[in-house]
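# Descriptive structure summary
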Amino acid sequence: MNFNNVRFERSFGTSAQLTPSTAPEVAFSGRSNVGKSSLLNKLFNRKGLAKVSQTPGKTATINFFDGDGVTFVDLPGYGYAKVSKSEKARWSELIEGYFNQDRSFALVVALVDIRHEASELDENMIRFLREADLPFVVALTKADKLSRQQQMKQKAALKRQLALGDDASMVVTSSAKGDGMEELRKIIRDAVA
Ligand code: GDP
């Protein structure tokens, strides 16, 4: 597959609208503002492919991207405090609806901010992925905001907090600097092979 030839396909506002899988799917999850759009744009070398927003909590949709035999799925960012109850309900409907379907799940990239403890919603997400036996990798974001030493310390602390075994993969990334992108591309290539 070619990471430089990924195209936006479609946005879905409810899980009932989702069209069946036509290729292995690589989905990206994370709390709102974790840096998901920035990471997608860096991974695919395309500045405006996913919208980087200054105001978090934009309308929840699932966005599909087509990448030559792989479908990339941008799940709605969770946990933004200021959205309404109905918007939160829509988020749950979308994400649970997506994972409850009989789809061709190849990999979930679960994004977590490297600077902080994982939130309760991050913990829930990763527990769900583990219990559902879905293949996943944790991508720690915004590593450029920490020194190398702090990065290693946070990586170990988050591994412990999220109860990830030694064989679980965790990639330290920075969309600002490009760290971890090749490693993540390799994990994705292996998952869809
Ligand atoms: P999303 O809500 O998860 O899609 O997050 P965005 O990609 O829109 O990013 C949220 C904010 O974090 C923006 O202000 C980005 O510029 C910033 N950001 C994202 N990734 C990085 C990174 O790797 N390093 C730094 N320093 N800032 C980042």
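Everything that follows concerns the structure shown earlier in this document.
Just so it is clear, the structure is predicted and the values come from calculations on it, not from any experiment.

Quick notes on the rules
- Sequence positions are assigned chain by chain, starting from 1 and proceeding in written order.
- Totals for whole chains, interfaces and linings use all residues, but because this is a predicted model, local features are given only for residues with pLDDT of at least 70 and pairs of side-chain atoms are given and counted only at 80 or more.
- Strands were regarded as paired on the criterion that DSSP finds at least two bridges between them.
- The helix count covers DSSP runs of H or I at least four residues long, the strand count covers runs of E at least two residues long, and both are numbered beginning at the N terminus.
- Convention adopted: a line fitted to C-alpha atoms gives each axis, helices being fitted over their contacting stretch, and angles between N-to-C directions are expressed from 0 to 180 degrees.
- Whether two residues are in contact depends on their C-beta atoms, placed from the backbone: they are in contact if these lie within 7 Å.
- Three exposure classes are used, based on other C-beta atoms lying within 10 Å of a residue's own C-beta, which is placed from the backbone: buried for 20 or more, exposed for 12 or fewer, and partly exposed in between.
- Working rule for contacts: place C-beta from the backbone, and if it is within 6 Å of a molecule or strand, that residue counts as near it.
- Classification used: nonpolar for Ala, Val, Leu, Ile, Met, Phe, Trp, Tyr, Cys and Pro, charged for Asp, Glu, Lys and Arg, polar for all others including Gly.
- In plain words, the nonpolar core is the set of buried Ala, Val, Leu, Ile, Met, Phe, Trp, Tyr and Cys residues that C-beta atoms within 7 Å link up.
- The span expected for a helix works out to 1.5 Å for each residue beyond the first.

Spatially, seven strands are ordered β1-β3-β4-β2-β5-β6-β7 in an open sheet, and the strand pairing comes out mixed. Looking at which strands have only one partner, the edges of the open sheet turn out to be β1 (7-12) and β7 (170-172). On average, adjacent strands in this sheet sit at an angle of 25° to one another, irrespective of strand direction. Seen against the sheet, helix α4 (residues 148-161) touches β5 (105-113), β6 (136-141) and β7 and runs at an angle of roughly 155° to β7. Along the sheet face, helix α5 (residues 181-192) touches β2 (25-30), β5, β6 and β7 and points at about 155° away from the line of β5.

This brings us to the pairing of β5. Extensive coverage of β5 is indicated by the burial of nine of its nine residues. Sheet analysis places β2 next to β5, joined by six bridges and oriented parallel. By the bridge assignment for β5, G30 is matched with L111. In this structure, β5 lies alongside β6, joined through six bridges in parallel fashion. Residue pairing across strands places V109 opposite V137, the latter belonging to β6.

Attention now goes to the site of the ligand. As a structural note, the neighbourhood of the ligand is formed by 19 residues, with G35, K36, S37, S38 and A176 the closest of them. A per-element tally of the shell around the ligand places helix α1 (residues 36-43) first, with three residues. Tallied by class, the residues present in the shell around the ligand amount to four nonpolar, 11 polar and four charged.

Turning to its location among the elements, F28 is positioned in strand β2. By C-beta crowding, F28 is classed as buried, having 24 other C-beta atoms within 10 Å. The spatial distance from the C-alpha of F28 to the C-alpha of N63 is 10 Å, given a sequence separation of 35 residues. Filtering out sequence-adjacent residues up to four positions away, F28 remains in contact with K36, L40, V73, D74, L75, V109 and L111.

The biggest cluster of nonpolar side chains holds 50 residues, and the ones touching the most others in it are V26, V109, A110, A139 and L140. Here this core takes eight residues from β5, the largest share from any one element. With near-sequence residues (within four places) excluded, V109 lies in contact with V26, F28, V137 and A139.

A few words on the environment of Q154. Looking at the secondary structure, you find Q154 in helix α4. Among the residues examined, Q154 registers 21 C-beta atoms within 10 Å and is labelled buried. For the pair Q154 and V172, spaced 18 residues apart in sequence, the C-alpha to C-alpha distance is 10.0 Å. If near-sequence neighbours (up to four positions away) are discounted, Q154 is found in contact with I114 and L146.

To continue, consider helix α2 (residues 85-100). Counted at 1.5 Å a residue, the expected span for α2 with its 16 residues is 22 Å, and the 22 Å between its end C-alpha atoms agrees. Buried residues along α2 sit against β3 (62-66).

On to unusual backbone geometry, then. The bulk of non-glycine residues show a negative phi, and the bulk of peptide bonds are trans. Backbone geometry places D68, a non-glycine residue, at a positive phi of 50°. For D68, the location among the structural elements is in the loop between β3 and β4 (71-74). Classification of D68 as exposed rests on a count of 12 C-beta atoms within 10 Å.

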